[in-house]
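# Analysis of the macromolecular model
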Amino acid sequence: MSDSLVFDPSKVLKAHAKDLGGGFVVNRLLPSAKRQAVGPFIFFDHFGPVTVKPEDNHDVRPHPHIGLATLTYLFDGVILHRDNLGYTQRIEPGAINLMIAGNGIVHSERKPEEQKHKTYVNHGLQLWIAVPEEKEKIPASFSHTPASAIPEITNGNATIRVLVGSAFGANSPVPTLSPTLYLDIQLPPNSQWQLPMLADEQAIYPIEGEVLVAGEALESHTMLVIDQEQSISSGECPTRFVLVGGQALGHRFMWWNFVASDKEDIEAASLAWEAGDRALGMGQVHGETERIPLPKR
């Protein structure tokens, strides 16, 4: 490692708060004013830790996507996923839910029935991944990888869960459409770890504790893009952060829940959602009677 490595504030991305409805506020890091993506990751939302009470309604009603893949990962809590492919899946801590929207998918994210009269904590990340242009219109699909199937390794002082992709000799079973890396990394108190460049582009985001890069603290709700090997340290408490990255896939157009390399595809998806066009994957989710209407532009 070079002794000249320093914390570069120009590579810091700051979150902005986004209310998804019902008082459910997330911290959104991507896209940002500074850059649209890190590798294939074009959307990065951090929610919680938030205490969910019986009277709270943070449910996300059925809504559509095209041209991307979504990744949902929880540190605490539970969310119930349903989609128009027929999948119903509880998302629980440590597992990975991957939904490839392709040419069109509709899903909802709700409080499970058995949680409706309970108070609990929800805390997690929801990320969107761009897919290669030639795969934007593949058939939609869904896959769930339980926590027990995610490899966990030790590298120096770090304990690393390889959520997506490959790192330090471990390979995640989560399917990918392009080179993608997603790691959950923990350090014990007062320790140091060398983070190499593991992907073409990569960034880190703190979850718990104090994350120091080249001796400088990375503030909560900020993401740091890293373009060379770096020294990562923890403070007096255990530290947890995630790394995202991979191969850049170029600019994408984004509007509402739609992502595409061609604006006309977003227009077509918008019209299909307004029309409830099942032929374009915009049909209703089984067991649901609600849907989020197309917003005004």
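Above this text sits the structure in question.
Residues numbered from 1 in each chain as written. Predicted model: local features only at pLDDT ≥ 70, side-chain atom pairs only at ≥ 80, totals over all residues. Heavy atoms only, no water.

## Quick look at the packing of aromatic side chains
Throughout the structure, instances matching the rule amount to 12 aromatic pairs. Measuring from ring centre to ring centre gives 6.5 Å for Trp193 and Phe241, while their planes differ by 45°; the resulting arrangement is tilted. Within this pair, whereas Trp193 is found in strand E18 (residues 192-195), its partner Phe241 is found in strand E24 (residues 239-246), the two being separated by 48 residues in sequence. Given a relative accessible area of 0%, Phe241 falls into the buried group. What links up through ring pairs into an aromatic cluster is the set Phe41, Tyr73, Phe75 and Tyr182. Here Arg291 stacks its cationic end above the ring of Trp273, 3.6 Å away from the centre of that ring. (Phe/Tyr/Trp six-rings, centres within 6.5 Å; stacked < 30°, edge-to-face > 60°. Helix = DSSP H or I, 4+ residues; strand = E, 2+ residues; numbered from the N terminus. Buried < 20%, exposed > 50% of the residue type's maximum accessible area, 1.4 Å probe, protein only. Lys NZ or Arg CZ within 6 Å of the ring centre and 35° of its normal.)

## Things to note about the pairing of strand E13 (residues 152-155)
In this sheet, strand E14 (residues 158-164) lies alongside E13 in antiparallel orientation, the contact comprising 4 bridges. From the neighbouring strand, Glu152 faces E14, where its bridge partner is Arg161. What sits between the antiparallel neighbours E13 and E14 is a turn of 2 residues, in which Gly156 has the positive phi angle 60°. (Pairing = 2+ DSSP bridges.)

## Focus: the layout of surface pockets
Considered as a void within the structure, the largest pocket measures approximately 880 Å³ in volume. If you list the elements that add at least two residues to the lining of the largest pocket, you get strand E2 (16-19), strand E3 (25-30), strand E4 (41-52), strand E5 (60-65), strand E6 (68-76), strand E10 (105-110), strand E11 (120-130) and strand E25 (253-255). For the lining of the largest pocket, the class distribution of residues is 16 nonpolar, 12 polar and 10 charged. Each pocket or cavity is described by its volume, and for the second largest pocket that value is around 170 Å³. What lines the second largest pocket is a set of 13 residues, among which Ile66, Asn103, Lys137, Asp265 and Ala269 lie closest to the centre. The biggest single contributor to the lining of the second largest pocket is helix H1 (residues 263-275), with 4 residues. Here the lining of the second largest pocket is composed, by residue class, of 7 nonpolar, 3 polar and 3 charged. (1 Å grid on protein atoms, 1.4 Å probe; cavity = no way out; pocket = protein on both sides within 12 Å on 5 of 7 lines; lining within 4 Å. Points joined across faces, edges and corners; volume = space filled by probe spheres on them. Nonpolar A, V, L, I, M, F, W, Y, C, P; charged D, E, K, R; others polar.)

## Notes on the sheet that holds strand E22 (residues 222-226)
In a beta sheet, neighbouring strands pair by backbone hydrogen bonds and run either parallel or antiparallel. A sheet is described by the order of its strands in space; here 7 strands give the open sequence E1-E22-E19-E24-E17-E14-E13, paired in antiparallel fashion. Both outer strands of the open sheet, strand E1 (12-14) and E13, are each paired with one neighbouring strand and no more. In this sheet, neighbouring strand axes are inclined to one another by 25° on average, regardless of whether the strands run parallel or antiparallel. Summarising the sheet, strand E19 (residues 201-208) and E24 pair through 7 bridges and their orientation is antiparallel. Considered in E24, the bridge of Ala203 is made with Val244. (Axes fitted to C-alpha atoms, helices over the stretch in contact; angles between N-to-C directions.)

## Points about the pattern of salt bridges
Summed over the entire model, instances satisfying the criterion amount to 15 salt bridges. Between Arg28 and Asp45 there is a salt bridge, with its nearest N and O atoms 2.7 Å apart. Of this pair, Arg28 sits in strand E3 while Asp45 sits in strand E4, and the two are 17 residues apart along the sequence. Using a relative accessible area of 13% as the deciding quantity, one classes Arg28 as buried. Between Arg252 and Glu136 there is a salt bridge, with its nearest N and O atoms 3.0 Å apart. (Salt bridge = Lys/Arg side-chain N within 4 Å of Asp/Glu carboxyl O.)

## With respect to the nonpolar core
Formed by 29 residues in total, the largest nonpolar core has its most connected members in Phe44, Leu71, Tyr182 and Met223. Ranked by the residues each element gives to this core, the list is headed by E6, at 4 residues. Discounting residues that sit within four places of it in the chain, Met223 has contacts with Lys11, Val12, Leu13, Leu29, Leu30, Val38, Phe44, Ala203, Ile204, Tyr205 and Val244. In terms of nonpolar packing, the next biggest core, distinct from the first, is built from 24 residues, Ala170, Leu183, Trp193 and Ile204 among them. (Core = buried A, V, L, I, M, F, W, Y, C linked by side-chain atoms within 4.5 Å. Contact = heavy atoms within 4.5 Å.)

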